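# Geometric and topological summary
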Amino acid sequence: MKKVTLFIASALLIMGACKPEVGPIGPAYEAGAGIVGTWELTNADQTDLTLPVPETRDISSFYQNNQDKWVVVFSEDSTYTVNSQGPGFDLFGAGGTWKYNTPEFPSELHLTQFDTVTTVLPLGNMPRTIDQNVSIVYDRIRCDKPSVSYKLTFTRK
C-alpha cells in the first residue's frame, strides 16, 4: 500500500512540475481607439421595453433600403460630422464633438451637437483599431422610463 501511495504521490509531483508554456497572445490594442474613421449604419434592432417580456425586431431593412444611409465620420480631434443623415430619428444632428465617459475603458459615447444638445449613448462594444463594427444603444424615453431601445450597428467604410 505504501508503494502505491508513493507511486501516486510521485506521479502527481511530476505532473505538477510540468507547466504549459504561455506564449505571446498578440499585440495590445487600445480600447476605444478605433472609433476614428468613417462608419455606415448596417444593422438596426428595435426592442419594445414596455412588454412584460421585451421583444426585439430587426428593422435594418428600413435603413438599408433607403438611398441615403447614415454615414458618420469621427475625427481624431474629437469632432464628428454626418455625411448622410439617413431615415428615422435624428440621433447625431449635423455634427459636433464626441468623447468617452472614461477614456481608458469606454462604455458610453457622449455626443455634443455644436455645443447645444448632449446625447449619451451606451456602447455595445469598445471599438479597437482592428474592429470593423461598432454598436451603440439609444433608448427613447416615455413617461420618464425607457420605452423603446435601438441597437445600431455601424460598419467601418
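Refer to the structure presented above.
What counts and what doesn't
- Residues numbered from 1 in each chain as written.
- Predicted model: local features only at pLDDT ≥ 70, side-chain atom pairs only at ≥ 80, totals over all residues.
- Heavy atoms only, no water.
- Patch = residues over 30% accessible without salt bridge, like charges linked within 9 Å, V, L, I, M, F, W, Y side chains within 5 Å.
- Areas by Shrake-Rupley, 256 points an atom, 1.4 Å probe, with all protein chains shown as cover.
- Salt bridge = Lys/Arg side-chain N within 4 Å of Asp/Glu carboxyl O.
- Helix = DSSP H or I, 4+ residues; strand = E, 2+ residues; numbered from the N terminus.
- Buried < 20%, exposed > 50% of the residue type's maximum accessible area, 1.4 Å probe, protein only.
- Polar contact = N/O pair within 3.5 Å; in protein donor to acceptor, adjacent residues only side chain to side chain.
- Contact = heavy atoms within 4.5 Å.
- Core = buried A, V, L, I, M, F, W, Y, C linked by side-chain atoms within 4.5 Å.
- Pairing = 2+ DSSP bridges.

Together, V4, F7 and I8 give the surface a local cluster of nonpolar side chains, amounting to about 320 Å² of exposed area. Within the secondary structure, V4 is located in helix α1 (residues 2–17). Given a relative accessible area of 48%, V4 falls into the partly exposed group.

Let us now look at the side chain of Q113. Here Q113 lies in strand β6 (residues 108–113). Note on Q113: relative accessible area 16%, which makes it buried. Engagement of the side chain of Q113 in a polar contact is seen with the backbone oxygen of L91, the distance being 3.3 Å. Those residues in contact with Q113 that lie beyond four places of it in its chain are Y80, L91, F92, G93, G95, G96 and T119.

Turning next to the nonpolar core. Nonpolar side chains tend to gather and get buried jointly when the protein is soluble and globular. Membership of the largest hydrophobic core comes to 26 residues, with the highest contact counts inside it found for F74, F92, L152 and F154. When residues of this core are traced back to their parent elements, those giving at least two are β1 (37–48), β3 (71–74), β4 (79–84), β5 (95–100), β6, β8 (133–142) and β9 (145–156). The element best represented in this core is β9, accounting for four residues. Discounting residues that sit within four places of it in the chain, F92 has contacts with W70, V72, F74, Y80, V82, L111, Q113, I136 and F154.

This part takes up the pairing of β6. With five of six residues buried, β6 is to be regarded as a mostly interior element. Across four bridges, β5 lies against β6 in antiparallel orientation. From the neighbouring strand, W98 faces β6, where its bridge partner is L111. Sheet topology note: the β6/strand β7 (residues 117–122) ladder contains six bridges and is antiparallel. By the bridge assignment for β7, H110 is matched with V120. Linking β6 to β7, which pair antiparallel, is a turn of three residues; within it F114 sits at a positive phi near 45°.

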